[in-house]
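Each chain is listed here by its residues.
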2 protein chains.
Amino acid sequence: MPESHHPTSRPLYRAADLRPLLSPRSIAVVGASARQGSFGERTVHHLAGFTGRLHLVNSRYDRLGERPCHPSLTALPEVPELVVAATPMEAAEAVLEECVTLGVGALVLYAAGFAETARPERVALQARLVARARQGRVRLVGPNCLGLVDYASGAWASFMSVPKPWRPLSGPAIGIVSQSGNLGFALAQATEAGAAVGRILTCGNSADVDVADYVAALAEDPSCSAIALLFEGLSDPRRLLEAAELAWANDKPLVVHKLATGASGAEAALSHTGSLAGSEAAYRAAFARCGAVMAEQYEGLLELTSFLAKAPPPRAAGVAVVSTSGGSAIMAADRAEARGVAMPQPGEAARAVLEARIPEFGSARNPCDVTAQVLTDPDSLRACAGALLADPAYGALIMPNGFAYDTATPRYAMLDALAAEHGKPGCIVWTSQYLEGPGAREAEALPRVALFRSMDRCMAALAAWQARAALRAS
Amino acid sequence: MPESHHPTSRPLYRAADLRPLLSPRSIAVVGASARQGSFGERTVHHLAGFTGRLHLVNSRYDRLGERPCHPSLTALPEVPELVVAATPMEAAEAVLEECVTLGVGALVLYAAGFAETARPERVALQARLVARARQGRVRLVGPNCLGLVDYASGAWASFMSVPKPWRPLSGPAIGIVSQSGNLGFALAQATEAGAAVGRILTCGNSADVDVADYVAALAEDPSCSAIALLFEGLSDPRRLLEAAELAWANDKPLVVHKLATGASGAEAALSHTGSLAGSEAAYRAAFARCGAVMAEQYEGLLELTSFLAKAPPPRAAGVAVVSTSGGSAIMAADRAEARGVAMPQPGEAARAVLEARIPEFGSARNPCDVTAQVLTDPDSLRACAGALLADPAYGALIMPNGFAYDTATPRYAMLDALAAEHGKPGCIVWTSQYLEGPGAREAEALPRVALFRSMDRCMAALAAWQARAALRAS
């Protein structure tokens, strides 16, 4: 791996350094186009909701739709804070040069064909771009990237289709940081399923701005509730650990899933973003030391992040389970044992409520099986859940959701209200294979309830939450 | 654990023994009711589409809607093949007695309050029921159960909401066998997400008919393409292994997920269905010997079953990956390595196609990254996928699906057509966190393409498929 793929190590960019990139007041699209489906056309379309000032640049048009189109960046009525270049590789140096001359704050380069091709002249071209950008103080995203999205300001600086939030965001939201553009956007589609995603930050070849910078910036961003990080590798892992420490210092949950954990994956990473993968064991140990949480499975990355964003610090080590299904109760006991999560029996006060409410064929213990009788007595579920949340032995309550159906939907809001009342998180484990069946989005969108689609991942999350709190207290 | 919870071991019921239960020509509902939400009312509602003859029994009504209602089973114009008792525990013995007297073939008992309460008199009551049912040759399902569903005949013998198939079934379909009713129905909701589910068979306390009988019957059922089994424990595991051998002898894929794998799970199982859990390691070893496949994760049970139902025997050990996302290609390489799945490089013919089609910033290798250029040249994906499927080194092709969007949907049918042409299965790994986003149902419903929502589970499935084939050849 030639050294020249990567810049020599430099200090992290911080929130202030990346302000023109993350919160631009003006954006110019170079290569704006009317050609349906072109990167330029798609980017302009995505920026229709941008709350700042949008400028279009392409010498072939005078206007594009309602907007004027300018022949160059220099011809714009102002110097844009962010430039998005929807241009071929060959134009990259010229666009950057114009940005440097004008004093543009940041440049997003979609174009591929640089260091990831491993061709010496392209590696050299990328190195030249980086050197010039650094010298000219233009923060560079890419090349070979899908760009970035800020839902709050409508700065959708990407040619990729952008996931629509199912509901308008309210309050701080998850920041997604991904080296892989496609997987970053794939993760962000959780927003269509109810998750609160505030930003999608991808960096492709990471020639200049990389995942470590993004994490550092989000660590200081009050609009970010927690950070989900997906990455392959880095030339200098120490910078990422430093960013993780910054997140820790700001008590911002950082959840990491690393790709390229095997020899062949590492090889594939080299041709994808030209990254050195590094040993997973080394990363795992290093992240543990600085308080980042590893998501074992890609498919659990977002749900773990969402849980940590919603959960206040644990008030007790024990976990209670209130189920309408005996099978789910067994599954909970199994997975708690496997993950080392304590499921103590309820104290006297809670037991009295459970025994009064649960029929003899149910189970007035922990895990508690209120049985299908909730169909005829919905109030019993609330009474049992409330009694368990009030029990000082329990730090969290799990409500498995077996069969998904419309009339069960109000249970999730009920759990959320109880969770708020007791200052403890509620967890719903969605065992239905109708994965986005009735109520799933509603449950996902609740502020005090986290939705898991795996009992095992729920228990692993609860264990990680407890471990994180223990580390903070130490 | 008192022996009396369970009958002494008996031979498996086979398809012929359970015919009145699995394919009844007439059904009577005892406790049919007009009371909205009652088990009787719900059952009658669910049987509206039954293609056989339906009879209602309740001495309090002369008619229910359009149908006559009879005071007793004896008063019916014929002896029904299957009786569903939506009656309280106290009525169970009387209903059974009438079934024995008339020569009814099978009886479903919803009522709870039997051996699962661990109260000696209720344990004894259940034992009496079983003895009488055996003696009178009435196959008994339950007590403490949700019943069973046959989509083909509309015999929805359950009070539980029944998942609707997204599309009408065509051809053989997955049989779901579950001790837990709630989780059995939760699994079956996969049908709303596109999966081909033909039957849901639950057995609650398994006093008479148990999961082993169901597996044996499905092993001989031509309408069943593969069997998904979820269970907690059995009094005599040998009967289940015998059923698994029957499935093996009929070359019917059987996929198993066992609950109650830990000490506390086993305890919960005792109060759920009064079952002895048994050691998971022992089950695992025994199942491996008789060709059943273990699903490690509950959430992978249905997708693994669906894959084995769709996949013809493997024609080569290698697996190829064609991706539009470099990140997904890396993930595939990682998980293949972890699961011991071979990903050899393509032969000359395939390589020539890949090199001609894939831009320099992609990867004309395995895993193959055709890049986002498929947005502008959709034909390149088909060409590369076809070339890889034609390569004799590969037994299967994986197409990761990153970001889900409408215009990508035709790719799945394209993969299905290529898979049919080459007699090899296609696998789609859905990395989008919009879990049932555009195209998911369409992909799930395809006959030659299996949908996975985890790259790791996809690779584990491919490994299990190869191992099963090796065992068959040995």
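Residues numbered from 1 in each chain as written. Chains lettered and ligands numbered in written order. Predicted model: local features only at pLDDT ≥ 70, side-chain atom pairs only at ≥ 80, totals over all residues. Heavy atoms only, no water.

As annotated in an unreviewed UniProt entry, chain A carries the name CoA binding domain protein and comes from Pseudoroseomonas cervicalis ATCC 49957.

1. Details of the pattern of salt bridges
Summed over the entire model, instances satisfying the criterion amount to 52 salt bridges over all chains. A salt bridge links arginine 14 of chain A to glutamate 220 of chain A; the nearest nitrogen and oxygen atoms lie 2.7 Å apart. A residue pair is termed long-range when its members are at least 10 positions apart, and arginine 14 of chain A in the segment before helix 1 (19-22) and glutamate 220 of chain A in the loop between helix 6 (211-219) and strand 12 (224-231) qualify at 206 residues. In this structure, the salt-bridge partner of arginine 472 of chain B is aspartate 251 of chain B, at a minimum N-O distance of 3.4 Å. With arginine 472 of chain B in helix 16 (residues 455-473) and aspartate 251 of chain B in the loop between helix 7 (237-249) and strand 13 (254-258), this pair connects stretches of sequence that are 221 residues apart. With a relative accessible area of 33%, arginine 472 of chain B lands in the partly exposed category. (Salt bridge = Lys/Arg side-chain N within 4 Å of Asp/Glu carboxyl O. Helix = DSSP H or I, 4+ residues; strand = E, 2+ residues; numbered from the N terminus. Buried < 20%, exposed > 50% of the residue type's maximum accessible area, 1.4 Å probe, protein only.)

2. Topic: unusual backbone geometry
Leaving glycine aside, a negative phi is the common case for residues, and trans is the common case for peptide bonds. Cis geometry marks the peptide bond from asparagine 366 of chain A to proline 367 of chain A; its omega dihedral reads 0 degrees. For proline 367 of chain A, the position within the fold is in the loop between helix 12 (348-357) and strand 16 (368-369). Residue proline 143 of chain B is reached from glycine 142 of chain B by a cis peptide bond, and omega for that bond is -10 degrees. Residue position: proline 143 of chain B is located in the loop between strand 7 (139-141) and strand 8 (148-150). One non-glycine residue, arginine 137 of chain A, lies in the positive phi region at around 60 degrees. By secondary structure assignment, the location of arginine 137 of chain A is in the loop between helix 4 (120-136) and strand 7 (139-141). Residue class for arginine 137 of chain A comes out exposed when judged on its relative accessible area of 59%. With phi around 65 degrees, alanine 118 of chain B is a residue other than glycine that occupies positive phi space. One can find alanine 118 of chain B in the loop between strand 6 (106-109) and helix 4 (120-135). We classify alanine 118 of chain B as exposed; its relative accessible area is 53%.

3. Things to note about the side chain of aspartate 369 of chain B
Residue and element names in this part refer to chain B. Relative to the helices and strands, aspartate 369 resides in strand 16 (residues 368-369). This buried residue, aspartate 369, is left without a salt bridge; arginine 411 holds the nearest opposite charge, at 10 Å. A polar contact of 2.8 Å, which involves the side chain of aspartate 369, links it to the backbone nitrogen of threonine 371. (Lys, Arg positive; Asp, Glu negative; His and termini not counted. Polar contact = N/O pair within 3.5 Å; in protein donor to acceptor, adjacent residues only side chain to side chain.)

4. Side note on the sheet that holds strand 16 of chain A
Residue and element names in this part refer to chain A. The strand order 16-15-17-18-19 describes an open sheet built from 5 strands, whose pairing is parallel. Every other strand in the sheet has two partners, leaving strand 16 and strand 19 (449-452) as the edge strands with one partner each. Summarising the sheet, strand 17 (residues 394-401) and strand 18 (residues 426-430) pair through 5 bridges and their orientation is parallel. Each residue of the ladder has a partner; that of isoleucine 398, found in strand 18, is cysteine 427. (Pairing = 2+ DSSP bridges.)

5. Remarks on the relation of the copies chain B and chain A
With an RMSD of 0.0 Å, the fit of chain B onto chain A corresponds to turning through 180 degrees and sliding 0.0 Å along the axis. Such a combination of rotation and displacement between the chain copies is what one expects of a two-fold axis. Interface overlap between copies: 99% of the residues of chain B at the interface are likewise at the interface in chain A, consistent with a symmetric, same-surface contact. (Least-squares fit on C-alpha atoms with pLDDT ≥ 70 in both. Contact = heavy atoms within 4.5 Å.)

6. Details of helix 10 (residues 301-310) of chain B
In an α-helix, one turn spans 3.6 residues, which is why side chains three or four residues apart end up on the same side. With respect to burial, helix 10 of chain B is a largely interior element, 9 of its 10 residues being buried. Those residues of helix 10 of chain B not exposed but buried are Leu301, Leu302, Glu303, Leu304, Thr305, Ser306, Phe307, Leu308 and Lys310 of chain B.

7. Observations concerning helix 16 of chain B
Residue and element names in this part refer to chain B. Its 19 residues give helix 16 an end-to-end C-alpha distance of 27 Å, which sits within 8% of 27 Å, the value for a rise of 1.5 Å per residue. Taken together, the buried positions of helix 16 are Met455, Asp456, Arg457, Cys458, Met459, Ala461, Leu462, Ala464, Trp465 and Arg468. Capping the start of helix 16 is the job of one residue whose side-chain oxygen sits 3.3 Å from the backbone nitrogen of aspartate 456: serine 454. (Expected span 1.5 Å × (residues − 1).)

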